[in-house]
There are 2 protein chains.
Amino acid sequence: MEKKQNPLFVGTLAKGLRLLRAFDESHVSLSLAELVARTGLEKSAVQRMAHTLHHEGMLERDPGTRRYRPSHAWLELAYAYYWSDPLISRALPKLVEFSRAYGETVNLAQISGDHIIYSLRLPNQRTQFAASIVGRRLPALGTASGRVMLATWSKEEVTHALENWPIRSATPKTITDREAIAEDIARAKNDGYSITDGQMMLNEISLAVPVISIDGRANAAVQVSVSSLTYDEARLKGEILPALLDTAGGIPG
Amino acid sequence: MEKKQNPLFVGTLAKGLRLLRAFDESHVSLSLAELVARTGLEKSAVQRMAHTLHHEGMLERDPGTRRYRPSHAWLELAYAYYWSDPLISRALPKLVEFSRAYGETVNLAQISGDHIIYSLRLPNQRTQFAASIVGRRLPALGTASGRVMLATWSKEEVTHALENWPIRSATPKTITDREAIAEDIARAKNDGYSITDGQMMLNEISLAVPVISIDGRANAAVQVSVSSLTYDEARLKGEILPALLDTAGGIPG
DNA sequence: TCATAAGTATCAAATAATGATACTTCAATC
DNA sequence: GATTGAAGTATCATTATTTGATACTTATGA
């Protein structure tokens, strides 16, 4: 184990958490050996941690394949999170209302370090699975939600973000030029919304508006995803934008 | 710490997990002292665990109040869970379809020990917050979903459940008589659906149908909640039940 | 069938967690 | 605004617990 200065740091617990985080969308179940590979821990340590997590109900274990999987307990943790975050209960009814009225996919995104995380998602029939489930994280600079939040932040913070936050190219259309993103944020600051086209997925247009708190700053955004095959920007601005501004504005500060 | 026989059991990790589980819908943030009270651990241990969990991004800490809260990481874990459970991706499009068509709250429930857990929820405007968010656990015997699943299980399993699983009285109408529940399960076995009225909440009717796997057994159910003020059982059976059976039946086995 | 990898069990060594205690900061009350 | 008790933080000697090497067993597939 690396030298951990602080005597309050409990290495064993941190190791256990690494096993939990070893699971993601492309690692839905892991064997002992795979856990060793993904966590970088000793085989013995992984054996003990996995045993303990299983014993405590945090990992499911297939007796046949001996592979470990996330358990229902991971959803219970999400349940506790939902109650703990006051924004969720304020935003949910507004999003439901919007979703029912327009039938388009609508999400609540929150800033989470240099990423955004989707904390509420109301999918429609056409929505891809990855875009339907909560907890997804995306680099903030590459999303309409992230940009429209940044548009409410101080000049210093925006500069820092533009210089340091990560950018990941997900489609041929992904803008990786930080200058261009800076312009987009400036535009969002002026317009009060941000639109991206095919940044994370081709043929997907995203429209995001900020959820502004009392101090004028946004740490969250409401975002709509539509297909570029059925919408163009003009129609999006005409039909969806006003309602989306109402939705975000209606979330109690 | 109690004597833990198995040398593979890592007590420190188990203790850390207790901090996470100390949070729930009525404990959305906890101070150090409250964590001590709720976990039953030593003050020193809680201090170290909380520090570590915070350091690892699993707990948010308000610098002003010094209280701990669940972090976004708890949603990320849910994201990993969603990918890991193959039922989710199969059920989601069907539930969305139903939700759009009927505009009523629809859920996917799965058995989780002697409880059911809601793993997908598509709320409508009238849905209460607690009924809108995933991860909620309810005693299986008290829910239409739990009963309709049990209806597909072996006689021995049902007997065992009826004798041992917990029952919690949530409303004046909650049925706590295990005989009556046995009858209800028998009825569900015959009908292929289960209806409860005001069991968890007054003025709420639940209709559940099983998601049956190849072996004829159900570990999941699709469930609709409607207000008893706008629906009666007859209307529910006439208008909703056929579509709900289609929805559940359409989930690929 | 054999060979090899994966998973499981054991144990001596010593690191890292423990929990008692002392110190500091906060917040409430007079 | 000073006083007081509770909550939070820091420290450290003790020792229980984790550690990680190794041997053993069970799977897998060539």
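Being a predicted model, the structure only gives us computed values, none of them experimental. (Residues numbered from 1 in each chain as written. Chains lettered and ligands numbered in written order. Predicted model: local features only at pLDDT ≥ 70, side-chain atom pairs only at ≥ 80, totals over all residues. Heavy atoms only, no water.)

Looking now at the relation of the copies chain B and chain A. Rotating chain B by 180° and translating it 0.0 Å along the rotation axis places it on chain A, where the RMSD comes to 0.0 Å. Both copies are brought into coincidence by an operation consistent with a two-fold rotation axis. Distance from the rotation axis, computed per C-alpha, reaches its smallest value in chain B at B:L13: 2.4 Å. Looking at the interface residues of chain B, 100% of them are also at the interface in chain A, so both copies use one shared face. (Least-squares fit on C-alpha atoms with pLDDT ≥ 70 in both. Contact = heavy atoms within 4.5 Å.)

To continue, consider the packing of aromatic side chains. Within the structure shown, the criterion is met by twelve aromatic pairs over all chains. Seen from their ring centres, A:F23 and A:W74 are 5.8 Å apart, and the 85° between their planes marks the pair as edge-to-face. Of this pair, A:F23 sits in the loop between α1 (11-21) and α2 (32-39) while A:W74 is found in helix α4 (residues 73-84), placing the two residues 51 residues apart along the sequence. In this structure, A:F23 and A:W74 share a single accessibility class: buried. For the pair B:Y81 and B:Y82, a centre-to-centre distance of 6.0 Å together with 65° between the ring planes defines the contact as edge-to-face. Each member of the pair, B:Y81 together with B:Y82, is buried. Directly above the ring of A:W153 sits A:R217, whose terminal nitrogen or CZ lies 4.1 Å from the centroid. Lying over the aromatic face of A:Y231, A:R235 brings its terminal NZ or CZ to 4.0 Å of the ring centre. (Phe/Tyr/Trp six-rings, centres within 6.5 Å; stacked < 30°, edge-to-face > 60°. Helix = DSSP H or I, 4+ residues; strand = E, 2+ residues; numbered from the N terminus. Buried < 20%, exposed > 50% of the residue type's maximum accessible area, 1.4 Å probe, protein only. Lys NZ or Arg CZ within 6 Å of the ring centre and 35° of its normal.)

All right, on to the packing of α1(A) against helix α1 (residues 11-21) of chain B then. Their axes nearest at 8 Å, the elements α1(A) and α1(B) cross at an angle of 75°. Judged on the interaxial angle alone, α1(B) and α1(A) are roughly perpendicular. Contact residues: A:T12, A:L13 and A:G16 in α1(A); B:T12, B:L13 and B:G16 in α1(B). Looking at the contact of α1(A) with α1(B) residue by residue, the class counts come to two nonpolar, four polar and no charged. (Axes fitted to C-alpha atoms, helices over the stretch in contact; angles between N-to-C directions. Parallel < 35°, antiparallel > 145°, perpendicular 65-115°, else oblique. Nonpolar A, V, L, I, M, F, W, Y, C, P; charged D, E, K, R; others polar.)

On to the interface of chain B and chain A, then. Across the boundary between the two partners, chain B contributes 68 residues, which contact 68 residues of chain A. Taken together, the two surfaces of chain B and chain A that pack against each other cover about 6,600 Å², and 73% of this comes from carbon and sulfur. Across the chain B-chain A interface, the total number found is four salt bridges. Notably, a salt bridge pairs B:E56 with A:R21, separated by 3.7 Å at the nearest N-O pair. Linking chain B with chain A are 16 residue pairs in polar contact (both at pLDDT 80 or more), by the criterion used here. Looking at the side of chain B that touches chain A, the elements with two or more residues in it are α1, α3 (43-55), β2 (68-70), α4 (73-84), α5 (86-102), β3 (105-112) and β4 (115-122) of chain B. Top contributing element to the side of chain B that touches chain A by residue count: α4(B), with twelve residues. A per-class count over the side of chain B that touches chain A returns 36 nonpolar, 20 polar and twelve charged. (Buried area = accessible area lost by both parts, 1.4 Å probe. Salt bridge = Lys/Arg side-chain N within 4 Å of Asp/Glu carboxyl O. Polar contact = N/O pair within 3.5 Å; in protein donor to acceptor, adjacent residues only side chain to side chain.)

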